[in-house]
Amino acid sequence: MRIQFATSNKGKAFEVAALLAPLGHEVVQLHEPYPEPQADTLQEVVASGLEWLAGKVEGTVMIDDSGLFIDALKGFPGVFSAHAYKTIGCDGILRLMEGAEERRARFECCAGLMIEGKCWLFTGESEGEITGESRGKGGFGFDPIFLPSGMSQTFAELPVDVKNRVSHRGRAFSALAQFLGVP
Ligand code: ITT
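Asks: Would you explain the site of the ligand in this entry?
Replies: Within the structure, the ligand sits among 19 residues, and Thr7, Ser8, Lys12, Asp143 and Lys163 are positioned closest to it. Asn9 has a polar side-chain atom sitting 3.0 Å from an oxygen atom of the ligand. Interatomic distance of 3.0 Å between a backbone N/O atom of Ser66 and an oxygen atom of the ligand. Isolated, the ligand exposes 600 Å² of accessible area, and the fraction of that covered by the protein chains is 92%. Those elements that provide at least two residues to the shell around the ligand are strand E3 (60-70), helix H3 (81-87) and helix H6 (168-180). Taken together, the residues that form the shell around the ligand break down as 5 nonpolar, 7 polar and 7 charged.

Next comes the structure, spelled out in structure tokens:
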């Protein structure tokens, strides 16, 4: 199935294409920015994005809203992750976490799917911790400072297929793929 993925983030598009292409789906990045309301949850952002896109885009469309939730920072940056990444980046998060013993964090992803105006949401989480320093050159965003539980490499040190097996996005889009079934 040909699926348009409305995102400005080529890292997300690369990961989702790597996951869905072997299952027989063609993922095409769509540069159609949609308004992201200030909301308390990723789900609200995705539901509103799909509603906005419904009037503008034909065919099958996916979107993704995701964020990094750090326990010691009471869930920050959470729904503000895109802004936090652009302003303080990985170094800023590491500075906020300086000296913190409690380093638990999780990524969350909400994937939205729209087929002929009907919408579905799928969620995925990945537990882990914030490292003491940046490690790795792969991936995007906060990948170099996130160590998934039970692994010794950060997201930025993992090949895309391994990140997809344990990541929030991999889990959310695997659920979406299962829903779509075999094309
Ligand atoms: P869209 O156009 O799809 O909205 P975006 O980059 O603005 O792209 P979000 O609004 O979902 O995406 O912002 C989430 C931010 O959280 C993103 O910019 C990254 O900084 C971070 N993030 C999300 N998923 C990540 C991942 O798998 N690895 C590292 N950082 C991630």
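Additional details are given in the paragraphs that follow.
Asks: Just to check I follow, could you spell out the packing of helix H1 (residues 10-20) against H6 for this structure?
Replies: Two quantities define a packed helix pair, namely the angle between the axes and the distance from one axis to the other. Packing of H1 against H6 brings their axes to within 10 Å, and their N-to-C directions diverge by 45 degrees. Overall, the two elements H1 and H6 adopt an arrangement that is oblique. Both H1 and H6 take part in a crossing whose hand is right-handed. Facing Lys12, Glu15, Val16, Leu19 and Leu20 of H1, the residues of H6 in contact are Arg169, Gly170, Phe173, Ser174 and Ala177.

Asks: Looking at this model, I keep getting lost on the nonpolar core. Mind explaining?
Replies: A general tendency of soluble globular proteins is for nonpolar side chains to be buried together. Formed by 18 residues in total, the largest nonpolar core has its most connected members in Leu68, Ile70, Ile130, Phe142 and Ile145. When contributions to this core are tallied by element, the ones reaching two or more residues are E3, helix H4 (89-96), strand E4 (104-115) and helix H5 (160-166). Here the element with the most residues in this core is H4; it accounts for 3 residues. When sequence neighbours within four positions are dropped, the list of residues in contact with Ile145 reads Cys90, Ile93, Leu94, Glu129, Ile130, Thr131 and Ser134.

Asks: Please clarify how the environment of Glu58 should be interpreted in this entry.
Replies: Mapping Glu58 onto the fold places it in the loop between helix H2 (42-54) and E3. Through-space distance from the C-alpha of Glu58 to that of Gln4 is 9.3 Å; in sequence the pair is 54 residues apart.

Asks: Looking at this structure, I do not really get the packing of aromatic side chains. What am I missing?
Replies: Ring pairs (aromatic) are described by centroid distance and by the angle formed between their planes. The final tally for this structure, using the stated rule, is 7 aromatic pairs. Through successive ring pairs, a cluster of aromatic residues spans Phe107, Phe146 and Phe155. Note that Lys56 overlies the ring of Trp52, its terminal NZ or CZ placed 4.1 Å from the centroid.

Asks: How should I be thinking about the side chain of His168 in this particular structure?
Replies: For His168, the position within the fold is in helix H6. If near-sequence neighbours (up to four positions away) are discounted, His168 is found in contact with Ser66, Phe107, Glu108, Cys109, Gly124, Glu125, Ser126 and Phe155.

Asks: Would you mind going over the pattern of salt bridges with me for this structure?
Replies: Oppositely charged side chains are able to pair whenever their charged atoms sit close together. If you walk through the whole model with that rule in mind, you get 10 salt bridges. Close ionic contact of Glu108 with Arg106 constitutes a salt bridge, the shortest N to O distance being 2.7 Å. Note on Arg106: relative accessible area 23%, which makes it partly exposed. Where Asp143 meets Lys163, a salt bridge forms, and the shortest distance between an N and an O atom there is 3.0 Å. Of this pair, Asp143 sits in the loop between strand E5 (118-130) and strand E6 (146-148) while Lys163 sits in helix H5; the two residues are 20 residues apart in sequence, bridging distant segments of the chain.

Asks: Which parts of the structure should I look at to understand unusual backbone geometry?
Replies: Note: most peptide bonds trans; most residues except glycine with negative phi. Across the junction of Phe76 and Pro77, the peptide omega takes the value 0 degrees, indicating a cis bond. As for its position among the elements, Pro77 is in the loop between E3 and H3. Even without being a glycine, Lys74 presents a positive backbone phi close to 55 degrees. Judged by its relative accessible area of 82%, Lys74 falls in the exposed class. Not every positive phi belongs to a glycine, and Glu116 is a case in point at roughly 45 degrees. The topology assignment puts Glu116 in the loop between E4 and E5. Judged by relative accessible area, which is 76%, Glu116 ranks as exposed.

Criteria and cut-off values
As a convention, each chain's residues are numbered from 1 in the sequence order in which they are written. Reporting of local features is limited, given that this is a predicted model, to residues whose pLDDT is at least 70; pairs of side-chain atoms are given and counted only at 80 or more, and all residues count toward the totals for whole chains, interfaces and linings. Just so you know, side-chain values use all the structure's heavy atoms and leave hydrogens and water out. Whether a residue is near a molecule or strand depends on its heavy atoms: if one lies within 4 Å, it is near. For this analysis, a polar contact is any N or O atom pair within 3.5 Å, provided that within protein one partner can donate a hydrogen and the other can accept it, and provided that sequence-adjacent residues contribute only side-chain to side-chain pairs. Here the open area of atoms and residues is found with the Shrake-Rupley method and a 1.4 Å probe, where only the protein chains shown may cover a residue. Going along the chain from the N terminus, every DSSP run of H or I of four or more residues is numbered as a helix, and every run of E of two or more is numbered as a strand. Just so you know the grouping, Ala, Val, Leu, Ile, Met, Phe, Trp, Tyr, Cys and Pro go in nonpolar, Asp, Glu, Lys and Arg go in charged, and all remaining residues, Gly too, go in polar. Fitted lines through C-alpha atoms give the axes, limited to the stretch in contact for helices. The angle between two N-to-C directions lies from 0 to 180 degrees. What sets the label is the angle itself: under 35 degrees gives roughly parallel, over 145 gives roughly antiparallel, 65 to 115 gives roughly perpendicular, and the rest give oblique. Two helices that cross are described as forming a left-handed crossing if the nearer one is turned anticlockwise from the farther one by less than a right angle, and a right-handed crossing if clockwise. When checking whether two residues touch, look at their non-hydrogen atoms; a contact exists if any pair is within 4.5 Å. The nonpolar core is taken to be a set of buried Ala, Val, Leu, Ile, Met, Phe, Trp, Tyr and Cys residues, with the residues joined through side-chain atoms within 4.5 Å. Think of it in three bands: with a 1.4 Å probe and only protein chains considered, a residue is buried below 20% of the maximum accessible area for its type, exposed above 50%, and partly exposed in between. Pairing of aromatic side chains requires ring centres within 6.5 Å, counting the rings of Phe and Tyr and the six-membered ring of Trp. Pairs whose planes differ by under 30 degrees are stacked, by over 60 edge-to-face, and all others tilted. Comment: the charge-over-ring label is applied if NZ (Lys) or CZ (Arg) is within 6 Å of the ring centre and within 35 degrees of the ring normal. The salt bridge criterion pairs a side-chain nitrogen of Lys or Arg with a carboxyl oxygen of Asp or Glu, the two atoms within 4 Å.

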